[in-house]
Amino acid sequence: MHLDPWNLLAILGMAAGSFGCRAGGYWLFNRFNPSPAVRTVLSYVPGTLFVSYVVPAVAHGGPKEWIGAAVALLTVKLTGSLIWPIFTGTAAAWLVWLLP
Amino acid sequence: MTASHHPLAGKVVFTRVGFLRGLRACPPLVVGGLPFGLVTGLTAQAHGLSLLEASLMSLLVFAGSAQLIVLGTWVAPVSVLSASLTSLTVNLRFLLMGPLLAPWMDQVRGWRRWLSFFCMIDHNWALSLKEIETGQPDAAYLVGSGVPIWISFLLFTVTGHVMGSLVATAPGHPLFFAALATFVALLLPMWRGRSDLMPWLVAGGVALGVSQLLPGTSWHIVAGAVAGGGAGLLRERWTRV
């Protein structure tokens, strides 16, 4: 259960990095009132952000990620649930991984 | 972003009812955090962090993907600057996400506001946006759905660290896919219709390109999100005339 001082500093620095991003965007936008164009861009950001996260992760993966993602999407479509796709997608990826 | 002309202006509250509403929405998110937490604990243990250090990191940083990327390159003595900058970079997407919660947060003060931002992750942020869109006035929803994820992430990290000394997880293990599956699943409720098609294609293409240029960072997420948003703006300008 040791606590190395450099490790502690790194952890505190990382914490400043994550909280700075979480609260900093809101803080900045409160000081600089965004134009209608910026608001329009932001209205698209929720979707485009998730697409930007998922597309490279799936593309840089292999059959395991491709089939897992397809099964996860199909499961949301069929069940409307956000919990089942985690299981079915991971199970499908696991099956592909087990195949020789 | 001022909320003076927003339908929720002057109506936002922060109550136990909203907290409980968020609490009820969070079980899938807690499950979604399970692989992140376990893998974070496993990786921390594999790179020589003590249980106390791994726990402190999940407690204070609370960012699974950032922690995983930093821990993957963790060597003693660790570079404080590099670890901090990596955490900042991987979390840049939060800079874009926070302002969209303004209809709630403009009317929430002090510790409630900062605790809300502290426990904001991708998933409860997306759910909170839906709440705001449907006119729900109780901003405690974000904390209600976020605090259980925070605590369970810490517990899963501890579990992963303890497991680390017992089992070895291969880098390409499908357990890691569970984290991605949660994000894939969120795409469908995000789809607003055909107007999203072109911006999403641009986002995916730009993100793919940047991820190849700057591997191991989250710049591709920021670049793709902004490029896709810009494409949406151009599309709206185009169709208006």
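Residues numbered from 1 in each chain as written. Chains lettered and ligands numbered in written order. Predicted model: local features only at pLDDT ≥ 70, side-chain atom pairs only at ≥ 80, totals over all residues.

1. Overview of the packing of helix 9 (residues 122-133) of chain B against helix 10 (residues 140-164) of chain B
Residue and element names in this part refer to chain B.
Turning to step 1, where the next piece is worked out: Where helix 9 contacts helix 10, the axes come no closer than 10 Å and their chain directions differ by 165°. Taken together, the axis directions place helix 9 and helix 10 in an arrangement best described as roughly antiparallel. The chirality of how helix 9 crosses helix 10 is right-handed. Of helix 10, the residues touching helix 9 (which contributes Asn124, Leu127, Ser128 and Glu131) are Tyr141, Leu142, Ser145, Gly146 and Ile149.
Turning to step 2, where the next piece is worked out: Considered class by class, the residues forming the contact of helix 9 with helix 10 number four nonpolar, four polar and one charged. (Axes fitted to C-alpha atoms, helices over the stretch in contact; angles between N-to-C directions. Helix = DSSP H or I, 4+ residues; strand = E, 2+ residues; numbered from the N terminus. Parallel < 35°, antiparallel > 145°, perpendicular 65-115°, else oblique. Left-handed = near helix turned anticlockwise from the far one by under 90°. Contact = placed C-beta atoms within 7 Å. Nonpolar A, V, L, I, M, F, W, Y, C, P; charged D, E, K, R; others polar.)

2. Some details on the domain arrangement of chain B
Turning to step 1, where the next piece is worked out: As far as domains go, chain B holds domain 1 (16-190) and domain 2 (192-241).
Turning to step 2, where the next piece is worked out: Each of domain 1 of chain B and domain 2 of chain B has a C-alpha centre, and these two points are 24 Å apart. (Domains from an automatic or database assignment.)

3. With respect to the environment of Pro100(A)
Residue and element names in this part refer to chain A.
Turning to step 1, where the next piece is worked out: Tracing the backbone shows Pro100 in the segment after helix 4 (84-98).
Turning to step 2, where the next piece is worked out: We classify Pro100 as exposed; it has 2 C-beta atoms within 10 Å.
Turning to step 3, where the next piece is worked out: A C-alpha to C-alpha distance of 41 Å links Pro100 and Asn7, two positions 93 residues apart in sequence. (Buried ≥ 20, exposed ≤ 12 C-beta atoms within 10 Å, placed from the backbone.)

4. Description of the domain arrangement of chain A
Size of an interface: often given as the accessible area lost when the parts come together.
Turning to step 1, where the next piece is worked out: As assigned here, chain A comprises domain 1 (1-33) and domain 2 (44-100).
Turning to step 2, where the next piece is worked out: Here domain 1 of chain A and domain 2 of chain A have C-alpha centroids that lie 30 Å from each other.

5. Examining the interface of chain B and chain A
Turning to step 1, where the next piece is worked out: Taken together, the contact pairs 76 residues of chain B with 62 residues of chain A.
Turning to step 2, where the next piece is worked out: A total of 12 residues in the side of chain B that touches chain A trace back to one element, the largest contributor, which is helix 11 (residues 177-190) of chain B.
Turning to step 3, where the next piece is worked out: Residue classes in the side of chain B that touches chain A are distributed as 56 nonpolar, 16 polar and four charged.

6. Things to note about unusual backbone geometry
Residues and elements named next belong to chain B.
Turning to step 1, where the next piece is worked out: A positive phi angle, near 50°, is found at Phe62, a position not held by glycine.
Turning to step 2, where the next piece is worked out: Here Phe62 is to be found in the loop between helix 3 (51-60) and helix 4 (64-72).
Turning to step 3, where the next piece is worked out: Residue Phe62 is classed as buried on the basis of its C-beta count, with 24 C-beta atoms lying within 10 Å.

7. Brief notes about the confidence of the model for chain A
Caution is warranted with low-pLDDT regions, since their predicted coordinates should not be read in detail.
Turning to step 1, where the next piece is worked out: Residues at a pLDDT of 70 or more form 100% of chain A, whose mean pLDDT is 90.
Turning to step 2, where the next piece is worked out: No element of chain A has a lower mean pLDDT than helix 2 (residues 36-59) of chain A, at 86, and none a higher one than helix 3 (residues 63-79) of chain A, at 95. (pLDDT = per-residue confidence, 0-100.)

8. Some details on the packing of helix 1 (residues 5-31) of chain A against helix 3 of chain B
Turning to step 1, where the next piece is worked out: Between helix 1 of chain A and helix 3 of chain B, whose axes approach to 9 Å, the crossing angle comes to 15°. Taken together, helix 1 of chain A and helix 3 of chain B sit at an angle that is classed as roughly parallel. For the crossing formed where helix 1 of chain A meets helix 3 of chain B, the hand is right-handed. Where helix 1 of chain A abuts helix 3 of chain B, its residues Asn7(A), Ile11(A), Met14(A) and Ala15(A) lie against Glu53(B), Leu56(B), Met57(B) and Leu60(B).

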